[in-house]
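In case you want the letters, here they are:
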Amino acid sequence: MNQYNINDKLDGESSKQRRYYLFGVLSVFFIAVAVTIGLMSTNGTKIEVRPFEAQDSAIITVSGGLGLYISGSVYSLTNSTKITVIADGYKPKEQIIPQSSIGKVFQIELIELPGRLVIETMPADAKTSWLIDGKTVAIANRLEKEIYAGKYSITIDNPYYDKHMEKVKIVRQQETRLNINLNPIFGEIDIKSEPSNAVVSINGKNVGFTPLKHRGVGGKYHIQISSPNYINVTDDILITRDGNFIIRKYNLKLQKAYITVNVKPKGGDLLLNGATILPDKKITVDAIRKNTILYHKKGYFSDTKAINLKPAEEKEINFTLKPEIGNVEFISVPVADVFINGKNIGITPLQKKLPALSYKVTFKRQGYRSITKSFTPVASAMQKISVYLKAELEARLSETSKQYTNSAGVKLKLFLPSGKKFMMGTPRHEKGQRANEFIREIKLTKPFYAGIYEITNQEFAKFSNKTTSASANLPVISVNWLDAAKFCNWLSKREKLSSVYNIQNGQLISFNGKSDGYRLLSEAEWEWLARNAGKIGQTKFSWGDRLIIPPKAANIADESAKGTVRFYIPQYTDGYPNTAPVGSFNKEPSGLYDLAGNVSEWVHDFYSMLPPDKGQVDQDPLGDLKGKNHMIKGASWRSGTITELRPAFREVITNGRDDIGFRIGRYLYGGG
């Protein structure tokens, strides 16, 4: 192929390529025309810009989604079209056209840009209040604020100047600057003082003497009033628009004086005009007046000084106290050891010289109740301290209760035997007398308690923890002597008293007759209570000497027991065929109940048939330490003979019975 054929072929290819390009361009053009015609045929969304002032400069563009803005309308090709609006003097705004507005009118509201207002005053004052249209917007020495375009009324309010009002017009994106000269207000301060003719200083400058009137512009004034010998007075006064005439009267106080007080010995009380002060310290006092200083210390004579000082004067005061010694005489009956503050100083009677301090003196003697007293000697007179010491037992008697109820509910009464002898037992010729009722001379000396009532089922149940169908207030019966003794020991332990009975393995080993714990009444105590206590003389029966039994005297074998007992008392009715609730009958002269009947009672003593030695007087007897059987005393609901009704009756028994109970007692104090 020659060169011409090659060139012809290249020219053909080039012509073919140009035709392709021309076809592509025409295709794009026709598509664009078709799209434009399509868009023009759809409903466009008309855009209205607010406010109206922004419409002339507003530029609207489609900034999101597919759409065209043409001649005030947006033609959307998608469901979400975002437009952006820019206008002079307003903040740019972007917004999506909602579906509900497509094809309709859509309004978009622009926010205008603010202007700037700057106002300064001459003079500048940080207390200035700035008000725009009557509303406070700042309290400062100048106003700088961005506000929207428009006309405003500005008020400048400062208490030291006339109120100023100004009208301003604010233009968008422009600064409005004003300089305002404030007009000062004037006022007057009227100053007086007592005393007068005091120097007046205003803001550090002396301006004259009181009384004085000072005129000045509004503002703060620092006032000082001074006069020789007086304390300076300072004050801050404001002249304001609302307060431009001020009156002040100052009462000047004299300058203080100063003292320092030295004391010997130290450790006392130092008083200035009645108020406590400290020695060795500089103390402020009023000048030109009497000041009283008192110093006192226990064991020394007090001293007082009066001073009258000039203003600003300083003075040193000295006190040296003299010791005060007093004479004290100590007397006691009987003679006793004397202890002062725990130290033995001798035996009464005793005289002692002592410093006038507070002391505690104790009088002590073995077997007697100690007495302690407080005293303070004085130098002006001899001081006597006299005491009467009570024997310990006498003291306990004076302090003890005459009657009390113990922890088990048992009521007990205190008895104080006189120590006078009485006859226990009966002579052979007495009707109903038995051979074992030996006449014995007895002397009871120790105070003791005795149960007012016989021990009840309720009281005994607290010890035994056994339930019973019997009435709670009936006397407990069918109790053997050992169980009664155990009840006493239980009560003693419960109340932290020493036990009387030494019981081991169910047997009585011994007893402690000096214990203050609970026990059964002794035979001598029981018979003394029934025949002597509360009576003028000793009687045969608990109710007296007559054989006729008074009504309600005792629960014994009466008419109602006829047929159930061997013997009964005719023409006597007590209302109970067997046991009665404790306390159902009249109180006996002793103050106790039921000694004469109801149930017979276990007593402490072992039974003995040995007669006493002639002339023997037994003091507070409790019987033998050893023995085989114990006794019961007193009649019961089953008793119907003169023999049994007599308190002298003695019966030995081994075990309990349905007409036997017990009563408890105890010594007031142990030992002896």
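All of these numbers come straight from a predicted model, not from anything done at the bench. Along each chain, residues carry numbers from 1 onward, in the same order as the chain's sequence is written. Totals for whole chains, interfaces and linings use all residues, but because this is a predicted model, local features are given only for residues with pLDDT of at least 70 and pairs of side-chain atoms are given and counted only at 80 or more. Values reported for side chains reflect all heavy atoms of the structure, with hydrogen atoms and water molecules removed beforehand.

**Q** Could you clarify how one ought to interpret the overall build of the protein chain in this entry?
**A** For the protein chain, the helix and strand inventory stands at 6 helices and 49 strands. Relative to the 2.2 N^0.38 estimate, which gives 26 Å for 672 residues, the radius of gyration of the protein chain is 62 Å and therefore markedly larger than a compact globule would have. The cut-offs for exposure are 20% and 50% of the maximum accessible area for each residue type, with area from a 1.4 Å probe on protein chains only; residues under the lower value are buried, those over the upper are exposed, and the others partly exposed. For the protein chain, buried positions account for 40% of its 672 residues. Any two residues having at least one pair of non-hydrogen atoms within 4.5 Å are treated as being in contact. Contacts spanning at least 24 positions in sequence make up 57% of the contacts within the protein chain whose residues lie at least 6 apart. On the protein chain, roughly 37200 Å² of surface is accessible, and the fraction owed to carbon and sulfur atoms is 52%. If the 91 positive side-chain charges of the protein chain are averaged to one point and the 65 negative ones to another, these points end up 5 Å apart. The helix and strand labels rest on DSSP assignments: H or I over at least four residues marks a helix, E over at least two residues marks a strand, and numbering proceeds from the N terminus. Using C-alpha atoms as the atom set, the radius of gyration is obtained and then compared with a globule rule of 2.2 Å times the number of residues to the power 0.38. To be clear on the numbers: accessible area is Shrake-Rupley with a 1.4 Å probe, and residue cover counts the displayed protein chains and nothing else. Counted charges follow a simple rule, with Lys and Arg positive, Asp and Glu negative, and His plus the chain ends left uncounted. A charge is said to be at NZ when it belongs to Lys, at CZ for Arg, at CG for Asp and at CD for Glu.

**Q** Teacher, can you tell me more about the sheet that holds strand 28 (residues 314-320) here?
**A** Paired through backbone hydrogen bonds, the strands of a sheet run either parallel or antiparallel to each other. Here, any two strands with at least 2 DSSP bridges between them count as paired. One open sheet accounts for 3 strands, arranged 25-22-28; its pairing is mixed. Two strands lie at the open edges of the sheet, namely strand 25 (282-285) and strand 28, each paired on one side alone. Ignoring strand direction, the axes of neighbouring strands in this sheet form an average angle of 35°. Where strand 22 (residues 257-264) meets strand 25, 4 bridges bridge the pair, whose relative direction is antiparallel. When the bridges of strand 25 are listed, Tyr-258 appears paired with Thr-284. A fitted line through C-alpha atoms serves as each axis, taken over the contacting stretch for helices, and the angle formed by two N-to-C directions is quoted from 0 to 180°.

**Q** Teacher, can you tell me more about the pattern of salt bridges here?
**A** A side chain of one charge can pair with a side chain of the opposite charge if their charged atoms are brought near each other. Think of a salt bridge as a Lys or Arg side-chain nitrogen and an Asp or Glu carboxyl oxygen that are within 4 Å of each other. Applying the stated rule across the entire model yields 32 salt bridges. Of the charged contacts in the structure, one is a salt bridge between Glu-441 and Lys-421, with a shortest N-O distance of 3.2 Å. Of the two residues, Glu-441 is situated in strand 39 (residues 440-443) and Lys-421 in strand 38 (residues 421-424); the sequence distance between them amounts to 20 residues. Since its relative accessible area comes to 45%, Lys-421 is described here as partly exposed.

**Q** Sorry, what's going on with helix 3 (residues 457-464) here?
**A** Because each turn of an α-helix spans 3.6 residues, side chains separated by three or four positions in sequence point in the same direction. Those residues of helix 3 lying buried are Asn-457, Glu-459 and Phe-460. The buried residues of helix 3 occupy an angular sector of 160° when projected down its axis, which confines them to one face. Looking at the buried residues of helix 3, the elements they touch are helix 4 (481-494) and strand 48 (660-662). Downstream of helix 3 by one or two residues, Asn-465 has phi in the positive range, about 60°. Directions are taken from the helix axis to each C-beta atom, and the arc is the one they span.

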